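Remarks on the overall topology
Below, each chain spelled out in residue letters.
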Amino acid sequence: MPNSTTTHPFLSDNFPIQWATLIPEAIEADIGKAIANARNTIEAIGALRDSPAELTYENTFGALESGLETLHRAWGLVNHLDSVCNSPELRSAQTLMLPKVSAFLAGIPLDDALWQTLRSFGESPSIEALSSVKKRHIQETLADFREQGASLNPAEKKRVSAIQLELAELTQKYAENCLDATNTWEKIITDEALLAGLPQSALAAARQSAIEKGLKGSWRFTLQAPSFIAVMTYADNEALRREVWQAYTAIGRGEPYDNREIVPQILALRHEFAQIVGYQNFADSVTARRMAGSGQAALDFTTGLQQKLVHTFHRETEQLLAYKAGADGAESHPQSLEPWETAYYSEKQRRTEYDFDEEVFLS
């Protein structure tokens, strides 16, 4: 008889996680089952709204927390796999379930019966007997619900639900475009002379990457962080550094993985949502319950930080420009550094002036 790990691998709570069992073919059934179970929990909690004397922490806030745990865990595994080992099959399954998961999660704070039950218990004298942890959980949950539109009128709730669903789809598409653009680009080099300056670890990784693609006798560089950073930091060939940098900054800015039309849509929807739930803008909505307290306070902090650092930044930039001039044998300082020069000359400066070799330090 098959066990729960093999029949519903994404719903298993085994640890360590059995990654080999998490196959794309199981996503639809597992996430569908998790949603159904969570929905049953929510309906059971909502049914208690007319029985205030029966309400406890365990059958309200505690039940909601435990009832959603399996769905959050299962969907988190799907998203993690999408980030680290994306495949057409995985993406297809994720895309199929994304609207269902998004609609369900967005609808939780908008469920009138659930909200009435939670608020009834959360605002009752009964909570005074609870531990400080449970009180905090109730306080934060009620605040989350209000921020997501629990107190809105039916028409506003309908619009908020639609916004959240559209945002989920747009942000997923944005992430997929970035991932696909990053994974698609590659630079194949067959002339080892072009790789001067790169450490052996980077060369070995590039050689192995080429072999895995069936390109023996070559070196393959990508926009993945280990490959990108190695080129930008160590490659003596400026043309190579420039090409890699330009490719990196073009991620999401060209067909077929263009995010330039998606970004304004996301910003507009976030702004609309924030205003519907009572904030001036999206920045205020996400910082209201954080240390910053408001979008303006966060902006003021970063502006103040920039003002404190700008003089040091200019001084260190001048020092780096002077180093570059000396390293290149120039008679005068260049006026600025190209973006693909900064990491390269900074690393050389550290080696020369501070006897610090990051490659040795990390090996």
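Residues numbered from 1 in each chain as written. Predicted model: local features only at pLDDT ≥ 70, side-chain atom pairs only at ≥ 80, totals over all residues. Heavy atoms only, no water.

**Remarks on the packing of helix α3 (residues 61-84) against helix α6 (residues 132-147)**
Where α3 contacts α6, the axes come no closer than 10 Å and their chain directions differ by 70°. Our classification of the angle between α3 and α6 gives roughly perpendicular. Considering only the axes of α3 and α6, their crossing is left-handed. Here α3 contributes Phe61, Leu64 and Glu65 to the contact with α6, which in turn contributes His137, Ile138, Thr141, Leu142 and Phe145. Residue composition of the contact of α3 with α6, grouped by class: 5 nonpolar, 2 polar and 1 charged. (Axes fitted to C-alpha atoms, helices over the stretch in contact; angles between N-to-C directions. Helix = DSSP H or I, 4+ residues; strand = E, 2+ residues; numbered from the N terminus. Parallel < 35°, antiparallel > 145°, perpendicular 65-115°, else oblique. Left-handed = near helix turned anticlockwise from the far one by under 90°. Contact = heavy atoms within 4.5 Å. Nonpolar A, V, L, I, M, F, W, Y, C, P; charged D, E, K, R; others polar.)

**Some remarks on the side chain of aspartate 180**
Within the secondary structure layout, aspartate 180 lies in helix α7 (residues 154-184). Among all residues touching aspartate 180, those that are not within four sequence positions of it are Arg91 and Tyr257.

**Overview of the confidence of the model for the chain**
Per-residue confidence for the chain gives a mean pLDDT of 93; residues scoring 70 or more make up 97%. Here residues 1-5 is modelled with pLDDT under 50, and outside its nearest four sequence neighbours on either side it reaches 5 contacts, counting other chains as well. (pLDDT = per-residue confidence, 0-100.)

**Some details on the nonpolar core**
Within the largest apolar cluster, 41 residues are counted, with the highest numbers of intra-cluster contacts made by Phe10 and Ile31. Where this core is concerned, the elements lending two or more residues are α2 (27-46), α3, α4 (88-107), α5 (112-122) and α6. Among the elements that make up this core, the one with the highest residue count is α3 (10 residues). Ignoring any residue separated from it by four or fewer positions in sequence, one finds isoleucine 31 in contact with Leu71, Ala74, Trp75, Val78, Met97 and Val101. Within the second largest apolar cluster, 20 residues are counted, among which are Ile189, Trp219, Tyr234 and Trp340. (Core = buried A, V, L, I, M, F, W, Y, C linked by side-chain atoms within 4.5 Å. Buried < 20%, exposed > 50% of the residue type's maximum accessible area, 1.4 Å probe, protein only.)

**What about the pattern of salt bridges?**
Using the criterion set out here, one finds 18 salt bridges in the structure. A salt bridge links arginine 136 to glutamate 140, with the shortest nitrogen-to-oxygen separation between them at 3.3 Å. Taken together, the positions of arginine 136 and glutamate 140, both in helix α6 and 4 residues apart, correspond to about one turn of that helix. In this structure, glutamate 140 and arginine 289 form a salt bridge, with 2.5 Å as the shortest nitrogen-oxygen distance. (Salt bridge = Lys/Arg side-chain N within 4 Å of Asp/Glu carboxyl O.)

**Considerations on the packing of aromatic side chains**
Evaluation of the coordinates by the stated rule reveals 5 aromatic pairs. Here phenylalanine 61 and phenylalanine 121 contribute two aromatic rings whose centre-to-centre distance is 6.4 Å and whose plane-to-plane angle is 45°, an arrangement assigned as tilted. Taken together, the residues span a long stretch of sequence, with phenylalanine 61 in helix α3 and phenylalanine 121 in helix α5 at a distance of 60 residues. The exposure class assigned to phenylalanine 61 is buried, which follows from its relative accessible area of 1%. Accessibility expressed as a relative area gives 4% for phenylalanine 121, which makes it buried. Over the ring of tryptophan 219 we find arginine 207, and its NZ or CZ is 4.1 Å from the ring centre. A cation over a ring is seen here: arginine 241 above tyrosine 344, with NZ or CZ 3.9 Å from the ring centre. (Phe/Tyr/Trp six-rings, centres within 6.5 Å; stacked < 30°, edge-to-face > 60°. Lys NZ or Arg CZ within 6 Å of the ring centre and 35° of its normal.)

**Remarks on helix α10 (residues 238-249)**
Look at α10: 16 Å from first C-alpha to last across 12 residues, which is about the 16 Å you get at 1.5 Å a residue. Along α10, the positions that sit buried rather than exposed are Leu240, Arg241, Val244 and Ala247. Taken down its axis, α10 places every buried residue within 135° of arc, on the same side. As for α10, its buried residues are in contact with β1 (187-189), α9 (225-234) and α14 (342-354). You can read the cap of α10 off the contacts: a side-chain oxygen lies 3.0 Å from the backbone nitrogen of alanine 239, and it is on asparagine 237. (Expected span 1.5 Å × (residues − 1). Arc of directions from axis to C-beta. Polar contact = N/O pair within 3.5 Å; in protein donor to acceptor, adjacent residues only side chain to side chain.)

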